[in-house]
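# What the coordinates show
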Amino acid sequence: MTNPGEPTSTHCRLSPTAPASGLWIIIALSSLVLMITMGIRQTVGLFVHPLISATAMSITEMSMALAIGQLMWGVFQPIFGAWADKKGPLPVLMTGALLLAFGQMCTLQAESFWGMTLAQGFLSPAGAAAGSFSILIGIVAGRLPEGKRSVASGIINAGGSMGQFAFAPLVQAVISLKGYTGGLLLLAFSALASIVPSWLLCRQTGMGRVSDGQSVADMPAAGTPTVSQTSNTGLKQQLKTAFHDPSYLLLHAGFFTCGFHVAFLTTHLPGEVSLCGHDASVSAISLSLIGLCNIAGSIGAGILGKYFRMKFILSALYAFRALMIAVYLFSPKTELTFYIFAVTTGLTWLATVPPTAGIVGKLFGMRYLATLFGLTLLTHQVGAFLGAWLGGVALQYSGSLLWVWQVDIALALLAALVNLPIKEPKVVRA
């Protein structure tokens with residue numbers, strides 16, 4: 001409580017003493033926000049060919065614009081994470097909703113590579129980054145004891161997967177009925193609708209205000225705080241410490257692969273389906289199945305994090321991903337094959353997020369989680385840039401995505417290996 005006459009902050013903050021019921025409400029609202037932002041992001045591939053037909057851009061130009069968007073989504077993660085760590089999540093989430101909606105509207109007017117790059121390479125990814133994993137998981141994880149963070153992160157991450165499951169068939173249906181214009185208007189409206197749960201997230205039970213002299217990062221977490229949380233280490237010193245830690249760098253290397261894989265499929269799976277002679281509805285259903293199955297994958301990874309070291313979970317996820325791609329390449333490209341591939345891929349899709357965020361929290365504490373995890377997402381998006389761009393290059397010059405699939409397998413196997421040397425503390429079971 002502040003003293004009479006003492007100025008109070010206008011920024012919403014989580015109360016460190018939020019009741020359990022309030023925490024579950026916060027987890028649900030965080031999941032809803034991520035459902036909207038990731039639902040919009042993960043359906044961008046459905047617009048690739050309609051936009052190419054409408055603008056006369058080449059697949060290489062379109063892929064480059066979207067690849068830049070993948071990279072910028074990563075660039076904005078630590079920026080918005082640092083803003084949220086310092087000033088609270090509300091201004092970040094509101095700004096993101098507006099930018100995301102504006103990006104969809106600008107896409108309607110884009111007729112060239114530069115216009116598309118502004119809309120889908122800058123505005124949309126900036127808006128999506130402001131309402132993404134690092135912000136939302138950072139809000140919740142710092143208010144929970146260590147034993148509950150992994151599960152909470154998995155539930156929030158599952159919200160993003162639910163967005164893909166819900167948005168992909170809905171957007172494809174609207175595109176089929178009203179063209180890509182109708183689809184983009186739907187996404188713009190959805191982005192603005194995320195303002196409501198974002199506002200409630202900062203005003204719901206268990207949330208309050210703190211003084212301007214205290215940042216969100218300074219607030220204690222529920223349970224026993226770690227050394228990193230209670231120290232006076234500043235952000236610059238924490239960043240220096242992190243980037244001199246080999247385990248943090250290995251975590252970045254593995255997450256690079258995840259970005260390559262996810263962006264490659266999000267952008268070019270519809271093209272792969274088309275190359276195999278199937279209807280666009282097959283790609284929409286496939287993307288939806290990926291999202292649906294990743295709900296189980298994300299929550300499952302979160303639960304496993306309570307019992308096993310997260311580096312082993314990551315290694316297993318990447319190895320399984322490589323195996324599933326190899327099986328797909330040797331299978332006949334029927335509709336059923338795409339659906340089975342979508343189900344198996346969905347189990348690993350973004351299930352890497354909870355253990356990655358969990359390891360960052362274990363290594364450095366909760367104080368700057370949004371910033372440090374945001375930086376791993378930047379590396380994730382460097383891989384995403386290459387996945388989206390190289391897929392377009394492959395289609396433009398060889399008419400096939402085969403060699404990109406092969407690169408994806410090699411990177412997944414490499415990621416499975418580089419996670420093993422990470423020095424993660426053993427799980428202490430109650």
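Heads up: the structure comes first, above all this text.
Residues numbered from 1 in each chain as written. Predicted model: local features only at pLDDT ≥ 70, side-chain atom pairs only at ≥ 80, totals over all residues. Heavy atoms only, no water.

## Comments concerning the nonpolar core
Applicable threshold: The nonpolar core is taken to be a set of buried Ala, Val, Leu, Ile, Met, Phe, Trp, Tyr and Cys residues, with the residues joined through side-chain atoms within 4.5 Å. Think of it in three bands: residues with accessible area under 20% of the maximum for their type are buried, residues over 50% are exposed, and the middle band is partly exposed, with areas taken using a 1.4 Å probe on protein chains only. Whether two residues are in contact is decided by their heavy atoms, any of which lying within 4.5 Å being enough.
Residues Met62, Phe133, Leu136, Ile137, Leu350, Phe373 and Trp405 are the most contacted members of the largest nonpolar core, which totals 103 residues. Sequence-distant contacts of Met62, that is, excluding residues within four places in its chain, are made with Val48, Leu51, Ile52, Met57 and Met116. Among the nonpolar cores identified, the runner-up in size contains 5 residues, and Ala67, Ala384, Phe385 and Ala388 belong to it.

## Some remarks on empty space enclosed by the protein
So the rule is basically this: The way it works is a 1 Å grid over only the protein atoms, where trapped points that fit a 1.4 Å probe form a cavity and open points with protein on both sides within 12 Å along at least five of seven lines form a pocket, and then any residue with an atom within 4 Å of a point lines it. Grid points are joined across faces, edges and corners, and a volume is the space filled by probe spheres set on the points. Secondary structure elements follow DSSP: runs of H or I no shorter than four residues count as helices, runs of E no shorter than two count as strands, and numbering proceeds from the N terminus. Ten residues, namely Ala, Val, Leu, Ile, Met, Phe, Trp, Tyr, Cys and Pro, are considered nonpolar, four, namely Asp, Glu, Lys and Arg, are considered charged, and the remaining ones, Gly among them, are considered polar.
Summed over the entire model, instances satisfying the criterion amount to 3 cavities of 30 Å³ or more. By volume, the largest cavity amounts to about 200 Å³. Elements that contribute at least two residues to the lining of the largest cavity include exactly helix 1 (20-41), helix 3 (59-87), helix 4 (89-109), helix 5 (113-130) and helix 7 (146-193). Partitioning the lining of the largest cavity into residue classes produces 9 nonpolar, 7 polar and 1 charged. The calculated volume of the second largest cavity comes to roughly 60 Å³. In this structure, the second largest cavity is lined by 13 residues; those nearest its centre are Arg41, Trp73, Val262, His380 and Gln381. When residues of the lining of the second largest cavity are traced back to their parent elements, those giving at least two are helix 1, helix 3, helix 11 (246-275) and helix 16 (369-398).

## Examining the pattern of salt bridges
Counted only if it meets this: The term salt bridge refers to a side-chain nitrogen of Lys or Arg lying within 4 Å of a carboxyl oxygen of Asp or Glu.
The full count for this structure, using the stated rule, is 1 salt bridge. Its salt-bridge partner being Glu424, residue Lys362 comes within 2.7 Å of it at the nearest N-O pair. In this pair, Lys362 sits in helix 15 (residues 353-364) while Glu424 sits in the segment after helix 17 (402-418), placing the two residues 62 residues apart along the sequence. Assigned by exposure class, Lys362 and Glu424 land together as buried.

## What about the packing of helix 13 (residues 310-329) against helix 17?
Helix-helix packing: each pair is described by the crossing angle between the helix axes and the interaxial distance. Just so we agree on the cut-off: With axes taken as lines fitted to C-alpha atoms, and helix axes fitted only over the stretch in contact, angles between N-to-C directions fall between 0 and 180 degrees. When describing relative orientation, an angle under 35 degrees is termed roughly parallel and one over 145 degrees roughly antiparallel, while 65 to 115 degrees is termed roughly perpendicular and anything else oblique. Rotating anticlockwise by less than a right angle from the far helix to the near helix defines a left-handed crossing, while the corresponding clockwise rotation defines a right-handed one.
Contact geometry for helix 13 and helix 17: axes closest at 7 Å, N-to-C directions at 155°. Taken together, the axes of helix 13 and helix 17 are roughly antiparallel relative to one another. Relative to helix 17, the crossing made by helix 13 is left-handed. Here Ser315, Tyr318, Ala319, Ala322, Ile325, Ala326, Tyr328 and Leu329 of helix 13 come into contact with helix 17, specifically with Leu402, Trp405, Asp408, Ile409, Ala412, Leu413, Ala415 and Ala416.

## Quick look at the packing of aromatic side chains
Keep this limit in mind: Stacked, tilted and edge-to-face pairs are distinguished by plane angle, under 30 degrees for stacked and over 60 for edge-to-face with tilted covering the rest, among Phe, Tyr and Trp rings (Trp via its six-membered ring) whose centres lie within 6.5 Å.
One pass over the structure, following the stated rule, counts 14 aromatic pairs. Here the aromatic rings of Tyr328 and Trp405 are separated by 5.0 Å at their centres, their planes lie at 45°, and the arrangement is tilted. Of the two residues, Tyr328 sits in helix 13 while Trp405 sits in helix 17, which places them 77 residues apart along the sequence. For the pair shown, Tyr328 and Trp405 are each scored as buried.

Bear in mind that shape data such as this cannot, by itself, settle questions of function.
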